[in-house]
Amino acid sequence: MTTNPSTTRTGAAAAGQGAVRPPRRPKPPVLLEVVATRRLSPHMVRLTLGGEGFSDYQDKDATDKYIKLMFADPALGLEMPYDMEKLRETLPPERMPVRRTYTVRSVDPEAGTLDVDFVVHGEDGLAGPWAANAQPGDLVTFGGPGGMFLPDPVADWHLLAGDESAIPAISSALEAMPVDASGLVILEVAGPEDEIPLTAPEGFEVRWLHRGGPFSPESTRLAHAIIETPWREGVVQVFAHGEREMVKDLRRYLADVRGVNRKQMSLSAYWAYGRAEEAFQAEKTEPIGQIFPEA
């Protein structure tokens with residue numbers, strides 16, 4: 001959005017045009033504790049978060065809602081929740097807490113808890129190893145949630161696709177579908193042991209792809225599988241998220257070959273092969289077909 005430099009709060013009000021709204025302040029961070037852990041598959045762990053801080057959590061009506069977990073160097077002795085603005089005044093950029101983005105799988109307002117599913121691969125990464133070793137009572141702070149996607153109840157059919165990182169959002173979207181909804185789900189995981197039960201309307205076909213091991217540009221089959229699948233008639237709503245290059249391939253296919261309206265697509269990269277989140281976010285100079293803006 002471009003702002004006209006000649007328009008000021010005082011000038012607009014004097015002209016009878018109404019005051020210019022001040023910039024929206026970010027939501028304060030939420031501080032929760034781990035109340036339960038559960039291993040869903042060899043490469044996915046679910047943490048249930050709750051505690052007194054749940055009253056600070058402002059839920060969002062979206063099936064792809066995400067939070068940004070904050071991790072700080074323990075040697076700094078910082079107290080949670082982190083005040084990022086104040087910390088920037090005293091810490092160099094390389095010592096600031098780092099963020100990792102994760103989908104909220106589900107929220108239980110009555111219990112005052114939310115579930116977050118983590119993909120884990122041994123000691124690789126930051127949030128994954130933390131989640132794999134988390135114990136009840138451990139604290140975590142995060143910002144958010146953001147997210148905008150909701151299933152379109154009038155779409156003729158739905159295409160939901162992704163790798164492990166998209167399973168939580170796709171699971172949530174399926175559970176929010178009308179009972180008469182129909183469509184296709186294609187999920188890529190390392191092997192059959194990583195398949196997770198999904199709750200979907202009867203009109204959905206759920207297809208699992210097995211890479212045979214960790215993700216690599218050579219082992220992924222997701223984009224190819226979608227391109228080779230016979231296309232259905234009618235208006236489709238697409239939700240496809242995962243590794244960056246895969247998403248790029250799908251965007252070209254869906255927009256250029258199938259002519260899917262951009263308003264009917266939610267496509268964005270959740271991660272990039274060989275990149276930590278800081279580098280990945282720095283390289284995102286423009287959206288990769290993300291239609292639903294972040295909140």
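Residues numbered from 1 in each chain as written. Predicted model: local features only at pLDDT ≥ 70, side-chain atom pairs only at ≥ 80, totals over all residues. Heavy atoms only, no water.

A. Quick look at the pairing of strand β10 (residues 236–243). Within β10, 8 of the 8 residues are buried, which leaves the element mostly enclosed by the surrounding structure. Note: strand β7 (residues 157–162) against β10, 6 bridges, orientation parallel. Note that in β10 the partner of Leu159 across the bridge is Val238. Note that β10 and strand β11 (residues 265–271) share 6 bridges and pair parallel. Across the sheet, residue Glu243 finds its bridge partner in β11, namely Trp271. Read as a crossover between parallel neighbours, the route from β10 over helix α6 (residues 244–257) to β11 is right-handed. (Buried < 20%, exposed > 50% of the residue type's maximum accessible area, 1.4 Å probe, protein only. Helix = DSSP H or I, 4+ residues; strand = E, 2+ residues; numbered from the N terminus. Pairing = 2+ DSSP bridges. Right-handed = clockwise from strand over helix to strand, strands pointing away.)

B. Structural detail: α6. With 14 residues, α6 should cover 20 Å at 1.5 Å per step; its first-to-last C-alpha distance of 19 Å lies within 8% of that length. Looking at where α6 begins, the residue whose side-chain oxygen comes 2.8 Å from the main-chain nitrogen of Glu245 is Glu243. One or two residues past the end of α6 sits Gly259, with phi positive at roughly 65 degrees. (Expected span 1.5 Å × (residues − 1). Polar contact = N/O pair within 3.5 Å; in protein donor to acceptor, adjacent residues only side chain to side chain.)

C. Expanded view of the environment of Leu31. Tracing the backbone shows Leu31 in strand β1 (residues 30–41). C-alpha of Leu31 to C-alpha of Gly143: the two residues are 112 residues apart in sequence and 9.2 Å apart in space. Those residues in contact with Leu31, other than ones at most four positions away along the chain, are Gly53, Met80, Pro81, Leu139, Val140 and Thr141. (Contact = heavy atoms within 4.5 Å.)

D. Region of the structure containing the pairing of strand β4 (residues 98–108). Relative to β4, strand β3 (residues 66–71) runs antiparallel, the two being bridged by 6 bridges. In the sheet register, Met70 faces β4, and the bridge partner there is Arg99. As judged from the 4 bridges shared by β4 and strand β5 (residues 113–119), these two strands associate in the antiparallel manner. Looking at the pairing, Ser106 lines up with Asp115 of β5.

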